[in-house]
Amino acid sequence: MTIPSAFIVPARLVHLSAVDVVIIVFYFALVLAIGFYLRGRANTGEDFFMAGREMTAWVAGLSFLSANLGALELMGWAGSAYQYGILATHWYWIGAIPAMLFLALVMMPFYYISKTHSVPGYLKLRFGEPARAVSAVSFAFMTVLMSGVNMFAMAKVMQIVLGWDINFSIWVSSITVAIYVALGGLRSAIFNEVLQFFLIWAGALLIPILGLYEAGGWSNLKVQIAQRASDQYVHLWSGLGSFTDNPMGINWIGIVFGLAAVISMGYWTTDFLVVQRILAAKDIRSAEMAPIIGAGFKMFVPLIVILPGLLGLAVLPMKLVPESVAAVTGAHSYNDVLPLMLARYCGPGLLGLGITALIAGFMSGMAGNVSAFTTVWTYDIYRPLINSKGTDHHYVNMGRWTTVIGVLISVGTAYLVMQFASIMDYVQALFSFFIAPLFGTVILGMLWKRATGPGGFWGLLCGTVSSVSMWAWVKADPSALRYVALSPHAKALAQDMFQALWSFLVCVVVTVVVSLATKPKTDAELTGLVYGLTPVPSVGSIPVYQKPIFWAGVVGVVFFVLNIYFW
Amino acid sequence: MVSIWFFIGLSLLVNGVLIFGAGLYELWNPPAHPTVELFNLHASVWWGALMTVIGAWYCYHFKPGQKKAG
């Protein structure tokens, strides 16, 4: 048997001192303590699956962001910043902020007043059981697989950075997550995500502060990057006129229409992993404010993700290489840039906090996946398709057991990935297949009353099949990328953007055509589900500075200014 | 119910004290060959102190028994 490339690793990056170990152990003790403390407040379905729908805007908003701020995200995009420069920031700004504001102001009122438990639950109300079944089964399946992939990635990082045994990392982290989510349900997951959010910032913010000090400020950093890489590594938009003018091999059409208009909208508005946090808000104003608060913080995440990658380009003495090269040569890969920067600046204590930030990131992502899986399995698969006559207590017990089983499936997936590393690429690609078409189905359902059940079902199915087909086509014949991305110069990331754009359009066209050929629902049936037929509840008579629209405007202005400044 | 903000304060406070203590130890017993860049800035001392102050404020402001639940 050959050794998987994942196990050919360089010597550990850092050595922990006693105080570092104490900080890490304290973190595990605290998250478990929160789980045990909250176990008495998760006795009903509303408590366990929806956190009692009593979260404030701040708690829901930070949890919403934290569920997305996994360590794979932190390390992967820091590595992308080293590889592609500041272009990676598009995934945090235009690839997130407009979608989060759209969710807050346009879509959230419908999710919230329909009192659905999940996004598949909304599809059931709007399009009927078949659309929900397609969405729920695909989401549940992909969520536990993604959780397993993340778990393996974490264990691998801990092996590379700390020299920890891979089995130890997998089992300690998964058992911890299983305990605190099974005990306290979504409330426990949310509380820990907010805690993890603070730890991530406390542990990671020193790197850009000290890095900028060492580089001599932003202006000097730009000069050093231009000397060591290219001037295009520090421009956000000016190199996007053509595929060949930027290190990413993409153009502005892919970024604006593929990333911002489809992928980002799909992820932030229909991925139940993040939307579930907002559904737990205590009232309509909190539900609208939560994504806006999340967007406000999201704009500054590049400080702790992108900037360390850029600083790595300027100050690290060694040259980082792609993962495939690192696996053979034992050199450091792009994805190691964040731990390398951590080791560069952080001594005893701070190093423990930085490692805790990475572990917290992994665990918040894993807990997010597991709690979303538990809800979708119980409410959208088990209850409608297997046992519709259970008591509330029965479904809560089902939720607790599903949490444990979901974690065990994730562990199984992690070991599967360990044996067949290429599965990781397939799983990540599979996840992207569902996002764009699902957004097409949900947005048409909310904004167009003529959309029918059969239209929604066939649109979702055809959009997903078209996405899979394009991916398989390029996999079988890489030169086909020139047709999918409309250019022979397009690179891998451009494929994702254009694939999403086309599958969204297929979904919309099929939904419209089938809807026009089938019988629509009456207006009375669509009340509470479709724009124009639903009295959107007011946030009440409050001062302008407390209104969601005001803060959305503030975030929008800052977003615009940042894009101009880094043009 | 204990506020989430209290747990966050507790985490910042305990970690802040540990980091501040480790920083002071290194300040008074500097290693012959520091393993980190910019050791002279003693980031552990001021970052640990900052975390301690913020954590203490959160713990006090959201201590159990008050009405502000998160």
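Residues numbered from 1 in each chain as written. Chains lettered and ligands numbered in written order. Predicted model: local features only at pLDDT ≥ 70, side-chain atom pairs only at ≥ 80, totals over all residues.

Novice: Where do I start with the overall build of chain A in this structure?
Specialist: For chain A, the count of helices and strands is 24 helices and 0 strands. Projected onto the principal axes, the alpha-carbon positions of chain A cover approximately 65 × 60 × 55 Å. Taking all 567 residues of chain A together, 58% fall into the buried category. Put simply, of all contacts in chain A between residues at least 6 apart along the chain, 84% involve residues at least 24 apart. (Helix = DSSP H or I, 4+ residues; strand = E, 2+ residues; numbered from the N terminus. Buried ≥ 20, exposed ≤ 12 C-beta atoms within 10 Å, placed from the backbone. Contact = placed C-beta atoms within 7 Å.)

Novice: Sorry, what's going on with helix α16 (residues 337–345) of chain A here?
Specialist: Side chains that are three or four residues apart share a direction in an α-helix, a result of its 3.6 residues per turn. Here α16(A) lies mainly inside the structure; 9 of its 9 residues are buried. Along α16(A), the residues that are buried comprise A:Val337, A:Leu338, A:Pro339, A:Leu340, A:Met341, A:Leu342, A:Ala343, A:Arg344 and A:Tyr345.

Novice: Quick question: what am I supposed to make of the interface of chain A and chain B here?
Specialist: How big an interface is tends to be expressed through the accessible area that disappears when the partners come together. Across the boundary between the two partners, chain A contributes 27 residues, which contact 22 residues of chain B. Mapped by element, the contributors of at least two residues to the side of chain A that touches chain B are α1 (18–38), α8 (166–204), α9 (206–215), α16 and α17 (350–386) of chain A. For the side of chain A that touches chain B, the element with the most residues is α1(A), which contributes 7 residues. A class-by-class count of the residues in the side of chain A that touches chain B yields 22 nonpolar, 3 polar and 2 charged. (Nonpolar A, V, L, I, M, F, W, Y, C, P; charged D, E, K, R; others polar.)

Novice: Would you take a moment to explain the environment of A:Met341 for this structure?
Specialist: Residues and elements named next belong to chain A. Following the sequence through the fold, Met341 ends up in helix α16. Exposure remark for Met341: the 27 C-beta atoms within 10 Å place this residue in the buried category. With 217 residues separating them along the chain, Met341 and Val558 place their C-alpha atoms 28 Å apart. Sequence-distant contacts of Met341, defined by excluding residues within four places in its chain, comprise Ile207, Gly211, Pro308, Leu311 and Gly312.

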